[in-house]
Amino acid sequence: MTEHTTSPTRTTTAPSGDLTVLVTAATGKTGRRVVPRLTARGITVRAGSRTGDTVFDWQAPDTWAPALQGVQRAYVNYYPDLAAPGAVEAMRAFGATAAKSGVSRLVLLSGRGEPAAVAAEAALAECGVPLTVVRASFFAQNFSEGPMAEGLGRGEIAFPAGDTAEPFIDAEDLADVLVAALVEDGHEGRTYEVTGPRPMTFAEVAAEVSSALGREVRYVPVPGAAYQAALQEAGLSEPEAMWLTDLFTTLLDGHNASSTTGVRELLGREPGDFAAFARREWGE
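Residues numbered from 1 in each chain as written. Predicted model: local features only at pLDDT ≥ 70, side-chain atom pairs only at ≥ 80, totals over all residues. Heavy atoms only, no water.

Q: Please give an account of the overall build of the chain that cites residues and values.
A: In terms of regular secondary structure, the chain is built from 11 helices and 11 strands. Over its C-alpha trace the chain gives a radius of gyration of 19 Å, about what one expects of a compact globule, namely 19 Å for 284 residues. Each principal axis of the C-alpha atoms in the chain carries an extent, and together these give about 50 × 40 × 35 Å. Within the chain, the proportion of its 284 residues that are buried is 51%. Sequence separation of at least 24 residues holds for 79% of the intrachain contacts in the chain that already meet a minimum separation of 6. Between the centroid of the 23 positive side chains of the chain and the centroid of its 36 negative side chains there is a distance of 5 Å. (Helix = DSSP H or I, 4+ residues; strand = E, 2+ residues; numbered from the N terminus. Rg over C-alpha atoms; globule rule 2.2 N^0.38 Å. Buried < 20%, exposed > 50% of the residue type's maximum accessible area, 1.4 Å probe, protein only. Contact = heavy atoms within 4.5 Å. Lys, Arg positive; Asp, Glu negative; His and termini not counted. Charge placed at Lys NZ, Arg CZ, Asp CG, Glu CD.)

Right, dumping it as structure tokens:
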């Protein structure tokens, strides 16, 4: 369930041309989908990244104020994760900078069922700028973009998930949700949990991917210690690998194995199913 169940009125608060929105982590899975959606509405977008025209780096706080200058709203996507060490401090500092810069609305991407992320959400809210929190489930695109996608070439999905189910959300749906929260009335002060329409085990995901690809992809459950070792072999430091493994262990203990109505609340429609994503990604 989300914290609020009544559907807000979906109306724009201001003419699109009057808005300038900062999108942090604009080259990431969600940011690069949010940017063109905002642009299509006639909104001026500052696409913040470490190497783009609008320089924005979560590890370099001196880049925050220049990126926020003249901005009315901001999409806040903290890297590497809102539950990561240092996120609370970063959110508190970023919120203070946003308030000082005159930002009138913040939309924060958070993780569903991440206790440490809740503390970071609260730290950002301290700044007093109206805040919308969007807590998302695992992305369907984790299987098509990033490290897990590499495993598909070998015909396997190796992950420490056991037989736990997760309601994977299509990042396209999530981007629509984020844009609605940024542009429309009625979302300030609210927290939404957004998921796909049905919980699926990783074995069921592998079956859907296999069907779309036309070849077998197996799910290989990996013990946490082995997964951490593999991350270290891939180049992560021991603390990074340990934190990431602990995060996945926490998220995939079964407490998130249910779907929510968050997408319907924000968009007035149902989220796309993983099978449709898989056909779109690998079958067409």
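Q: Summarise the packing of helix H1 (residues 31-40) against helix H6 (residues 171-183); cite the residues concerned and give the values.
A: Packing of H1 against H6 leaves a shortest axis separation of 9 Å and a crossing angle of 50 degrees. On the basis of the axis angle, H1 is oblique to H6. Considering only the axes of H1 and H6, their crossing is right-handed. Of the residues in H6, those in contact with Arg33, Val34, Arg37 and Leu38 of H1 are Ala171, Glu172, Ala175, Asp176, Leu178, Val179, Leu182 and Val183. Here the contact of H1 with H6 is built from residues that sort into 8 nonpolar, no polar and 4 charged. (Axes fitted to C-alpha atoms, helices over the stretch in contact; angles between N-to-C directions. Parallel < 35°, antiparallel > 145°, perpendicular 65-115°, else oblique. Left-handed = near helix turned anticlockwise from the far one by under 90°. Nonpolar A, V, L, I, M, F, W, Y, C, P; charged D, E, K, R; others polar.)

Q: Any chance you could break down the pairing of strand E9 (residues 191-194) for me, citing the residues and the numbers?
A: Burial along E9 is two-sided: the face carrying Thr191 and Glu193 and the face carrying Tyr192 and Val194 are both buried. Alignment of strand E6 (residues 131-136) against E9, held across 4 bridges, turns out to be parallel. Across the sheet, Ala136 pairs through a bridge with Val194, a residue of E9. (Pairing = 2+ DSSP bridges.)

Q: I'd like a description of the side chain of Arg33, backed by residues and values.
A: Among the secondary structure elements, Arg33 is positioned in helix H1. Using a relative accessible area of 9% as the deciding quantity, one classes Arg33 as buried. A polar contact is formed between the side chain of Arg33 and the side chain of Glu172, at a distance of 2.9 Å. Apart from residues lying up to four places away in sequence, Arg33 is in contact with Gln141, Glu145, Ala171, Glu172 and Ala175. (Polar contact = N/O pair within 3.5 Å; in protein donor to acceptor, adjacent residues only side chain to side chain.)

Q: Please provide a residue-by-residue account of helix H4 (residues 115-125), values included.
A: Looking at H4, one finds that the buried residues are Ala117, Ala120, Glu121, Ala123 and Leu124. Along the long axis of H4, the arc covered by the buried residues comes to 160 degrees, so they all point the same way. As for H4, its buried residues are in contact with strand E4 (73-76), helix H3 (87-100), strand E5 (105-111) and E6. (Arc of directions from axis to C-beta.)

Q: Talk me through the packing of aromatic side chains; I want residue IDs and the actual numbers.
A: Counted under the stated rule, the structure contains 22 aromatic pairs. Consider the rings of Phe56 and Trp58, whose centres lie 4.9 Å apart with planes at 85 degrees: the pair is edge-to-face. Taking the centre distance of 6.0 Å and the plane angle of 65 degrees together, the rings of Tyr227 and Phe248 count as edge-to-face. Of this pair, Tyr227 sits in helix H8 (residues 224-233) while Phe248 sits in helix H9 (residues 238-251); the two residues are 21 residues apart in sequence, bridging distant segments of the chain. Just as Tyr227 is buried, Phe248 falls in that class too. Put simply, the rings of Phe138, Phe143, Phe159, Phe168, Phe202, Tyr219, Tyr227, Phe248, Phe274, Phe277 and Trp282 touch in pairs and so form one group of aromatic residues. (Phe/Tyr/Trp six-rings, centres within 6.5 Å; stacked < 30°, edge-to-face > 60°.)

Q: How would you summarise the nonpolar core if you had to cite specific residues and measurements?
A: Within the largest apolar cluster, 57 residues are counted, with the highest numbers of intra-cluster contacts made by Met91, Phe94, Leu106, Ile157, Phe159, Phe202 and Phe274. Core analysis: the next-biggest nonpolar cluster, separate from the first, contains 29 residues, Val34, Tyr75, Ala136 and Phe139 among them. (Core = buried A, V, L, I, M, F, W, Y, C linked by side-chain atoms within 4.5 Å.)

Q: If you had to explain the side chain of Gln228 to someone new, which residues and values would you point to?
A: Relative to the assigned elements, Gln228 resides in helix H8. Classification of Gln228 by relative accessible area gives buried; the value is 16%.

Q: Can you tell me about the sheet that holds E5, naming the residues and giving the values?
A: If you trace the 7 strands from one edge of the open sheet to the other, you get E3-E2-E1-E4-E5-E6-E9, paired in parallel fashion. Looking at strand neighbours, the two that pair on one side only are strand E3 (54-55) and E9, the edges of this open sheet. With 2 bridges joining them, strand E2 (residues 44-49) and E3 adopt parallel strand pairing. Its bridge partner being in E3, Gly48 is matched across the sheet by Thr54. Here H1 sits on the sheet in contact with strand E1 (20-23), E2 and E4, set at roughly 170 degrees to E1.

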